[in-house]
Amino acid sequence: MKFPQKYTLEQIATIISSEFVGAADFPVYGMNEIHVVTPGDIVFVDHPKYYDKALNSAATVVLINKKVDCPEGKALLISDDPFRDFNKLTKYFKPFEKASKAIAASAEIGEGTVLQPNVFVGNNVKIGKNCLIHSNVSLYDNTVIGNNVIIHAGTVLGGDAFYYKNRPEGFDKLISGGRVVIKDNVEIGANCTIDKGVTGDTTIGKGTKLDNLIQVGHDTVIGEKCLIASQVGIAGAVVIEDEVTVWGQVGFRSGITVKKGGVMMGQAGITKSTKENTIYTGNPAMESRAKLKELALLRQLPKLIQNLKG
């Protein structure tokens, strides 16, 4: 998430009532999660296990719960609860806007686009040309849709990230301030759910086709010309590169990369990053040829056991 203008370190510290380490006029341009930070961004960290990763990331401002040595060229915001204060910043820069009607006045809808009855279009949504949005689709605030996109009935774009901190009193939600971005010539089936990014974009690439009943988690990026079949579940911050085929009921763990041209066979559990142009099967998934060899050997076990008994 980039701020509408440059802020200073002191101004950000004032918003969240925190101490800071660094020049008062140190420039701050935005805030992001660790996997998408760029120079000028704030990143938060609240566990010693991840201090080094945050301090050595591309982010130049680190919101942290302990005073540590500040890397050269960076600044710190010292907070007793970085998770809470990251939420404060999201609320400050991306406050919730109540909808006043089914299609927001601030929405931009391209020429030739058709919205069927009961479509909800939130604030600042942008829809390109010649799209077809079927009934009961919900497009949350700030969603961006390209040209020639088809979205079938009941699909929701822009729901909040499934991201919580476990506290003694219950689960504390990380507030989502990102977007969903759908590129040109995408088709999305019925009753799919695509969550917006926490601070960045959840993106579906040009020409990709999604079947019905698919969940795409926050900040996931799906490349161009992918085919994804029904009942697939994709966790947050997954990268699926171009021309990947995913068959039904496949599950993806968060934070992995699925390389170009891969094929994920039905009900595979993808727990690790994959290789290019490779077929995977099983749960946990492994390369298909290796899995088939393993299964062939397993079929011989009863005979081997019988021979041992004999």
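Structure: above.
## Notes on the sheet that holds strand β2 (residues 19-21)
Across the sheet, six strands lie side by side as β1-β3-β4-β5-β6-β2; this open sheet has mixed pairing. The outermost strands of the open sheet, each flanked by one partner alone, are β1 (2-8) and β2. Strand-to-strand twist of the sheet, defined as the mean angle between neighbouring strand axes without regard to direction, takes the value 30 degrees. Two strands pair when backbone bridges link them, and β2 and strand β6 (residues 75-78) are joined in this way by three bridges, in the antiparallel orientation. When the sheet's bridge partners are listed, Val-21 is paired in β6 with Leu-76. The sheet strands contacting helix α1 (residues 9-16) are β1, β2, β3 (27-31), β4 (41-45), β5 (61-64) and β6, and the helix crosses β1 at an angle near 105 degrees.

## Description of the pattern of salt bridges
Pairing between side chains of opposite charge can happen when the charged atoms of each approach one another. The final tally for this structure, using the stated rule, is 13 salt bridges. Across the salt bridge formed by Lys-165 and Asp-46, the nearest N and O atoms sit 3.0 Å from each other. In this pair, Lys-165 is assigned in strand β16 (residues 164-167) and Asp-46 in the loop between β4 and α2 (51-55), connecting sequence segments 119 residues apart. With a relative accessible area of 25%, Asp-46 lands in the partly exposed category. Between Arg-167 and Asp-81 there is a salt bridge, and its shortest N-O distance comes to 3.0 Å. Of the two residues, Arg-167 is situated in strand β16 and Asp-81 in the loop between β6 and α3 (82-93); the sequence distance between them amounts to 86 residues. Exposure remark for Asp-81: the relative accessible area of 14% places this residue in the buried category.

## So, the packing of aromatic side chains
Taken as a whole, this structure holds eight aromatic pairs when the rule is applied. The interplanar angle of 80 degrees and the centroid separation of 5.7 Å between the aromatic rings of Phe-3 and Tyr-7 together place this pair among those described as edge-to-face. Residue Phe-3 shares its accessibility class with Tyr-7, and that shared class is buried. With centroids separated by 4.9 Å and ring planes inclined at 75 degrees, the aromatic side chains of Tyr-92 and Phe-93 adopt a geometry described as edge-to-face. Judged by relative accessible area, Tyr-92 falls into the partly exposed class, the value being 48%. Given a relative accessible area of 14%, Phe-93 falls into the buried group. Of the aromatic side chains, those joined through ring pairs into one cluster are Phe-3, Tyr-7, Tyr-92 and Phe-93.

## Let's talk about the nonpolar core
Core analysis: the largest hydrophobic core is formed by 40 residues, its most contacted members being Ile-182 and Phe-252. Sequence-distant contacts of Ile-182, defined by excluding residues within four places in its chain, comprise Val-144, Ile-145, Gly-146, Val-149, Leu-157, Ile-188, Ile-194 and Ile-204. One finds Leu-9, Phe-44, Val-61 and Phe-83 within the second-largest nonpolar core, a separate group that totals 23 residues.

## A look at the pairing of β4
Counting buried residues along β4, five of its five residues qualify, which places the element largely inside the surrounding structure. Going residue by residue along β4, you find Asp-41, Val-43 and Val-45 tucked away on one face and Ile-42 and Phe-44 tucked away on the opposite face as well. Here β3 runs beside β4; their pairing, made up of two bridges, is parallel. Looking at β4, one finds that Gly-30 is bridged to Asp-41. Examined bridge by bridge, β4 and β5 share four bridges and lie parallel to one another. Bridge pairing in β5 links Val-43 to Val-62.

## Let's talk about the sheet that holds strand β9 (residues 120-121)
If you trace the eight strands from one edge of the open sheet to the other, you get β9-β12-β15-β20-β23-β26-β29-β32, paired in parallel fashion. Either end of the sheet is taken by a strand with one partner, and the two such strands are β9 and β32 (269-270).

## Focus on unusual backbone geometry
The linkage connecting Asn-283 with the following residue, Pro-284, adopts the cis geometry, with an omega of 0 degrees. Turning to its location among the elements, Pro-284 is positioned in the loop between β33 (279-281) and β34 (286-287). Even without glycine at this site, Asn-191 takes up a positive phi of about 60 degrees. Relative to the elements of secondary structure, Asn-191 occurs in the loop between β19 (187-188) and β20 (193-195). One non-glycine residue, Lys-225, lies in positive phi territory at about 55 degrees. Along the chain, Lys-225 turns up in the loop between β24 (221-222) and β25 (227-228).

## Considerations on a nonpolar patch on the surface
A grouping of Leu-292, Leu-295, Leu-298, Leu-301, Leu-304 and Ile-305 is seen on the molecular surface, where their side chains present a nonpolar patch of about 510 Å² in accessible area. Put simply, the parts of the chain that give the nonpolar patch at least two residues each are α4 (288-299) and α5 (301-309). Along the chain, Leu-295 turns up in helix α4.

Reading guide: rules and limits
- Residues numbered from 1 in each chain as written.
- Predicted model: local features only at pLDDT ≥ 70, side-chain atom pairs only at ≥ 80, totals over all residues.
- Heavy atoms only, no water.
- Pairing = 2+ DSSP bridges.
- Helix = DSSP H or I, 4+ residues; strand = E, 2+ residues; numbered from the N terminus.
- Axes fitted to C-alpha atoms, helices over the stretch in contact; angles between N-to-C directions.
- Contact = heavy atoms within 4.5 Å.
- Salt bridge = Lys/Arg side-chain N within 4 Å of Asp/Glu carboxyl O.
- Buried < 20%, exposed > 50% of the residue type's maximum accessible area, 1.4 Å probe, protein only.
- Phe/Tyr/Trp six-rings, centres within 6.5 Å; stacked < 30°, edge-to-face > 60°.
- Core = buried A, V, L, I, M, F, W, Y, C linked by side-chain atoms within 4.5 Å.
- Patch = residues over 30% accessible without salt bridge, like charges linked within 9 Å, V, L, I, M, F, W, Y side chains within 5 Å.
- Areas by Shrake-Rupley, 256 points an atom, 1.4 Å probe, with all protein chains shown as cover.

Honestly, it's all geometry; don't read function into it.
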